[in-house]
Amino acid sequence: MQQIQQGQFAAGQRLALRERRPQGTRVALPGVELGGRSFVVMAGPCAVESAAQIEAAAAAVAREGCAVLRGGAFKPRTSPYAFQGLGAPGVQLLLDAARRHGLAAVTEVMDAAELPAFDGVALLQVGARNMQNFTLLKALSHLRRPVLLKRGPSATVDEWLLAAEYLLAGGNDQVVLCERGIRTFETATRNTLDLSAVVLAKQRTHLPVVVDPSHATGRRELVTPLTLAAAAAGADGLLVEVHASPDEALCDGAQALLPEDLADLMARLPAVLEAVGRDLWRATPRRRALAR
Ligand code: PEP
Ligand code: MN
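Small disclaimer: the values here were computed from a predicted structure and weren't measured.

## Focus: the overall build of the protein chain
- A tally of helices and strands in the protein chain yields 10 helices and 11 strands.
- The C-alpha radius of gyration of the protein chain comes to 17 Å, within 12% of the 19 Å expected for a compact globule of 292 residues.
- Judged by the C-alpha coordinates and their principal axes, the protein chain covers about 50 × 45 × 45 Å.
- Taken across its 292 residues, the protein chain has 55% of its residues classed as buried.

## Focus on the pattern of salt bridges
- Taken as a whole and assessed by the stated rule, the structure comprises 15 salt bridges.
- The partner of E33 in a salt bridge is R26, and the shortest N-O contact between them spans 3.1 Å.
- Taking relative accessible area as the criterion, E33 reaches 34% and is therefore assigned partly exposed.
- Note that D194 is salt-bridged to R151, the shortest N-O span being 2.8 Å. Linking D194 in the loop between strand 8 (175–179) and helix 6 (195–204) with R151 in the loop between strand 7 (147–150) and helix 5 (157–169), this pair joins segments that are 43 residues apart in sequence. Neither residue differs from the other here; D194 and R151 are each classed as buried.
- Here the salt bridges do not stand alone but share partners, grouping R151, E179 and D194 into one network.

## Side note on the pairing of strand 7
- Side-chain alternation along strand 7 places V147 and L149 on one buried face and L148 and K150 on a second face that is also buried.
- The sheet contact formed by strand 6 (residues 123–126) and strand 7 spans 3 bridges and is parallel. When the bridges of strand 7 are listed, L124 appears paired with V147.
- In this region the chain leaves strand 6, passes through helix 4 (residues 134–141) and returns to the parallel neighbour strand 7; the handedness of that crossover is right-handed.
- Bridging between strand 7 and strand 8 involves 4 bridges; their strand directions are parallel.

## Things to note about the packing of helix 4 against helix 5
- The geometry of helix 4 relative to helix 5 is characterised by a closest axis approach of 7 Å and an angle of 40° between their N-to-C directions. Comparing their axes, helix 5 and helix 4 come out oblique. For the pair helix 4 and helix 5, the contacting residues are F134, L137, K138, L140 and S141 in the first and A163, Y166 and L167 in the second.
- Its residues assigned to classes, the contact of helix 4 with helix 5 shows 6 nonpolar, 1 polar and 1 charged.

## Topic: the nonpolar core
- By size, the foremost hydrophobic cluster in this structure holds 65 residues, and its most contacted members are F39, V41, L69, L140, L149, L177 and L269.
- Per element, the largest residue contribution to this core is 7 residues, and it comes from helix 5.
- Listed in part, the 18 residues of the second largest apolar core include L34, V68, A104 and W281.

## Observations regarding the site of ligand 1
- Near ligand 1 you find R70, K75, E108, Q125, G127, A128, R129, K150, R180 and H215, and these make up its full shell.
- Here R70 contributes a side-chain N or O atom positioned 2.8 Å from an oxygen atom of ligand 1.
- Out of a free accessible area of 300 Å², ligand 1 has 96% covered by protein chains.
- According to the grid-proximity analysis, the pocket containing ligand 1 is the largest pocket.
- When the residues that make up the shell around ligand 1 are grouped by side-chain class, the tally is 1 nonpolar, 3 polar and 6 charged.

## Focus on the confidence of the model for the protein chain
- Mean pLDDT over the protein chain: 95, with 96% of residues reaching 70 or higher.
- The low-confidence segment residues 1–10 (pLDDT under 50) makes 12 contacts with residues lying over four places distant or belonging to another chain.

## Describing helix 2 (residues 51–63)
- Compared with the 18 Å implied by 1.5 Å per residue over 13 residues, the 18 Å span of helix 2 between its first and last C-alpha is a close match.
- Among all positions of helix 2, only Q53, I54, A57, A58, A60, V61 and A62 are buried.
- Considering only its buried residues, helix 2 is in contact with strand 3 (38–44), strand 4 (68–70), helix 3 (88–100), helix 9 (259–275) and helix 10 (285–291).
- Within two residues after helix 2, G65 carries a phi angle of roughly 80°, on the positive side.

## A closer look at the coordination of the manganese ion (ligand 2)
- Donor atoms from the polypeptide that coordinate the manganese ion (ligand 2) comprise C46 (SG), H215 (NE2), E241 (OE) and D252 (OD), at 2.0 to 2.4 Å from the metal.
- Considered as a linear motif, the donors of the manganese ion (ligand 2) on their single chain read C-x168-H-x25-E-x10-D. In this pair, H215 is assigned in helix 7 (residues 213–217) and D252 in the loop between strand 10 (237–241) and helix 9, connecting sequence segments 37 residues apart.
- The class of H215 is buried, set by a relative accessible area of 8%.

## Quick notes on the side chain of K202
- For K202, the location among the structural elements is in helix 6.
- The class for K202 is buried, based on a relative accessible area of 19%.
- Setting aside its immediate chain neighbours within four residues, K202 contacts R18, L207, V209, G234 and D236.

Cut-offs applied
Residues numbered from 1 in each chain as written. Chains lettered and ligands numbered in written order. Predicted model: local features only at pLDDT ≥ 70, side-chain atom pairs only at ≥ 80, totals over all residues. Heavy atoms only, no water. Helix = DSSP H or I, 4+ residues; strand = E, 2+ residues; numbered from the N terminus. Rg over C-alpha atoms; globule rule 2.2 N^0.38 Å. Buried < 20%, exposed > 50% of the residue type's maximum accessible area, 1.4 Å probe, protein only. Salt bridge = Lys/Arg side-chain N within 4 Å of Asp/Glu carboxyl O. Pairing = 2+ DSSP bridges. Right-handed = clockwise from strand over helix to strand, strands pointing away. Axes fitted to C-alpha atoms, helices over the stretch in contact; angles between N-to-C directions. Parallel < 35°, antiparallel > 145°, perpendicular 65-115°, else oblique. Contact = heavy atoms within 4.5 Å. Nonpolar A, V, L, I, M, F, W, Y, C, P; charged D, E, K, R; others polar. Core = buried A, V, L, I, M, F, W, Y, C linked by side-chain atoms within 4.5 Å. Near = heavy atom within 4 Å. Polar contact = N/O pair within 3.5 Å; in protein donor to acceptor, adjacent residues only side chain to side chain. Areas by Shrake-Rupley, 256 points an atom, 1.4 Å probe, with all protein chains shown as cover. 1 Å grid on protein atoms, 1.4 Å probe; cavity = no way out; pocket = protein on both sides within 12 Å on 5 of 7 lines; lining within 4 Å. Sits in = over half its atoms within 2 Å of the grid points. pLDDT = per-residue confidence, 0-100. Expected span 1.5 Å × (residues − 1). Donors = N, O, S within 2.8 Å, 3.2 Å for Na, K, Ca; no water.

Put into structure tokens, the structure is as follows:
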């Protein structure tokens, strides 16, 4: 407690503190805004694998009225022998599919030197493993582009918020925080979703906070219940993995929702959101046109 008071939220110079901007920060992407009244769903495969695979995912994501297509092209894999992603051509496939369906795109950037490949990407993702890559954070802090900052698997809330501070300190306040599960003693799930961190981050900062229940659990059957819990707890949105044929996925198939699971999730979210004074962002033709 002592440590929290000293290090964490008392430091007056911190730019991310809620009192700096009590009304909250809204992060605008083409056609959609994070941090407003509406809960925003960002969905798609773990990785872009092929043109056909990302097209099938984009079609499903658009059909359910989601705002943003996800899909990694530069993949931070634990094993060097695992699929590493398609790189720059993968970003292009993601952008092409997103454009065809009027979706904004989010994908991970691991190295600032690769930023030229990310032109047109609406939301630049800093992965959990890079949360404290301060060189990368400083480079992104000099851009005026939205950044999604994932919490590191072993990072405290304070370390996470200080990582965000690097982005703000360099002049980029277009920052979205993402809780994606932390490493605990529990082995029944891939990680442990820390919903208290979501509430804390919302209370202590003015930044939008979204939840990734896919990497938090590693298990498809837990994704929908935890999404509903996150929505009830005040999250501003969702980053979720969806794959049209998860058994064939090159990574994270076990945690990917099927398109029909996404449909079910989108049908169940509004009641929970209404109970906490929010609504679900759904596409309209006008919103789709803005994202193209
Ligand atoms: C991802 O979302 O693609 C990802 C790699 O997740 P994380 O960085 O949270 O492990
Ligand atoms: Mn994944």
